[in-house]
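Next come the chains, spelled out residue by residue.
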Amino acid sequence: MVKIMADSTCDLSFGMIQDYGITIVPLHIVLGDKEYLDGKDITPDKIYQWSDENNDTPKTSAVGLSEALDAIEVIKDTNDELIIFTISEKMSVTANAFRIAAEEAELEDRVSVIDSANLSTGIGLLVMEAAVMARQGKSRKEILEHIKELKPRVKSSFVVDTLTYLHRGGRCSGVAALAGGVLKLHPMIVVENGKMSASKKYRGKMERVIMDYIKDLEDSIKSAKKDRIFITHSGCPSNVVSEVYNYLVKMEYFDEILVTRAGGVISSHCGPGTLGVLFIDGGHK
C-alpha cells in the first residue's frame, strides 16, 4: 500500500487530511524565544497578534531530522511505501531532512521525497492527486510518473493585502512597503520554478483588488484541469471569500471548489488578508 505524507505548508483542511488518509508533519514557527509546531499549538491569528505587538516578523524553520525519522519509521515494520511532498527546496531544507531520514532508516527503497517546487495548496493540489491514486490502488511508480507530469502545470498565485509582513521578513524593501501603504498597492505574487516573484500590482481596496485578480485569471482558469481548484486565504472576510467562491461556481467548470485557510508558516510570511486561487493547468495543446 502507498501512503501519502506532506509537510504542514500544503494548507489542506483537517477534513481533507482525514478523508484522504494523509499524514501531515509540521514545520516550526518561532515567536521571539518560543517555538511552536505549525497547525498544532499556534494559530495564524495568534501569530498576527504577536507580530503586531512586537513589531517583528515570525521566524519559521524546517522539519528536523529526528522528526522526519519518526514520521518515516511508521512504515518500517510494514510492507507499505511512502510518498512525501514538501515545500519548495528553494524555500526550505525540509525535503533534504526527509531524504536523509530515509537513508538513515534504510528505507530509501520504499520512500520517495517530492520537492513540490511550490507552496500552500500549490503543494496541496499534488498531494490530493497522489492520495486519490493511492486510494485507487495505483503503484508508487505510477503515482510518481503522474506527479512528475503535473508538477510544472501547477498554477499558484495570490494577492497580498499588506506588505508589512513581507517587509519585516526581508522579502520587500522599505520603500516598496511604504509605497504599498500610501498608494494601497497590492502585488500579485506568482510561484514559478520554486520561487516567489511579484507580478501585476493592483491599487485600491482589497475586496475590489481580489475580484480584479480573479477576473485577470479567468482565461487561465478556464483551461485548468477540471477536478478541483483551491481558494486559499490567510484570514479574509467571509463575504470576500464567498464572492470569489460564487464567481467560480457561476463558471460551471470545476468538479470541486475547495476553500482552505492558510496555515501558520504561510501566514507568517504573507500576513493577514492574502488570498490566492490555485489550480493545475489542463495541459491543452
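Residues numbered from 1 in each chain as written. Predicted model: local features only at pLDDT ≥ 70, side-chain atom pairs only at ≥ 80, totals over all residues. Heavy atoms only, no water.

1. Details of unusual backbone geometry
- The phi torsion at aspartate 11 lies on the positive side, around 60 degrees, for a residue other than glycine.
- As for its position among the elements, aspartate 11 is in the loop between β1 (2–7) and α1 (14–20).
- One non-glycine residue, asparagine 55, adopts positive backbone phi at about 50 degrees.
- Topologically, asparagine 55 is positioned in the loop between α2 (44–54) and β5 (59–61). (Helix = DSSP H or I, 4+ residues; strand = E, 2+ residues; numbered from the N terminus.)

2. Some remarks on empty space enclosed by the protein
- On inspection of all chains with the given rule, the structure shows one cavity of 30 Å³ or more.
- Estimated volume of the largest cavity: approximately 40 Å³.
- As for the largest cavity, its lining consists of Leu125, Glu129, Lys225, Asp227, Arg228 and Ile280.
- For the lining of the largest cavity, the class distribution of residues is two nonpolar, no polar and four charged. (1 Å grid on protein atoms, 1.4 Å probe; cavity = no way out; pocket = protein on both sides within 12 Å on 5 of 7 lines; lining within 4 Å. Points joined across faces, edges and corners; volume = space filled by probe spheres on them. Nonpolar A, V, L, I, M, F, W, Y, C, P; charged D, E, K, R; others polar.)

3. Points about the sheet that holds β1
- Strand order across the open sheet formed by four strands is β2-β1-β6-β7, with parallel pairing between neighbours. This sheet does not close on itself; its edge strands, each paired only once, are β2 (23–25) and β7 (111–115). Averaged over all adjacent pairs, the angle separating strand axes in this sheet is 25 degrees, with direction ignored.
- In this sheet, β7 lies alongside strand β6 (residues 81–86) in parallel orientation, the contact comprising five bridges. Following the sheet pairing, isoleucine 84 is matched in β7 by valine 113.
- Running over the sheet, helix α4 (residues 94–104) touches β1, β2, β6 and β7 and is turned about 170 degrees from β7. (Pairing = 2+ DSSP bridges. Axes fitted to C-alpha atoms, helices over the stretch in contact; angles between N-to-C directions. Contact = heavy atoms within 4.5 Å.)

4. Overview of the pairing of β6
- Summarising burial for β6: five of the six residues are buried, a large majority.
- Bridge count between β1 and β6: five bridges; the pairing is parallel. Bridge assignment links valine 2 to a residue of β6, and that residue is glutamate 81.
- Considered for its hand, the β-α-β crossover made up of β6, α4 and β7 is right-handed. (Buried < 20%, exposed > 50% of the residue type's maximum accessible area, 1.4 Å probe, protein only. Right-handed = clockwise from strand over helix to strand, strands pointing away.)

5. Points about α2
- Among all positions of α2, only Pro44, Ile47, Tyr48, Trp50 and Ser51 are buried. Down the axis of α2, the buried set is contained in an arc of 165 degrees. They therefore lie on one face. Exposed and facing more than 90 degrees away from the buried side of α2 are Lys46 and Glu53.
- Where α2 ends, the next residue or the one after it, asparagine 55, has phi of about 50 degrees, a positive value. (Arc of directions from axis to C-beta.)

6. A closer look at the nonpolar core
- Core analysis: the largest hydrophobic core is formed by 37 residues, its most contacted members being Ile4, Leu12, Phe85, Val127, Ile143 and Phe230.
- Per element, the largest residue contribution to this core is nine residues, and it comes from helix α5 (residues 121–135).
- When residues no more than four places from it in sequence are discounted, the contact partners of phenylalanine 85 are Ile4, Met5, Ala6, Asp7, Ile114, Ile123, Leu126, Val127, Ala130 and Ile147.
- Core analysis: the next-biggest nonpolar cluster, separate from the first, contains 27 residues, Ile210, Ile214, Ala224 and Ile257 among them. (Core = buried A, V, L, I, M, F, W, Y, C linked by side-chain atoms within 4.5 Å.)

7. A look at the confidence of the model for the protein
- Taken residue by residue, the protein gives an average pLDDT of 91. The fraction at 70 or more is 92%.
- For the stretch residues 170–183, pLDDT sits under 50, and the model shows 17 contacts to residues farther than four places along the chain or on other chains. (pLDDT = per-residue confidence, 0-100.)

8. What about the environment of methionine 206?
- Within the secondary structure, methionine 206 is located in helix α9 (residues 206–221).
- According to the relative accessible area criterion, methionine 206 is buried, its value standing at 14%.
- Between the alpha carbons of methionine 206 and proline 272 there is a distance of 11 Å; along the sequence they are 66 residues apart.

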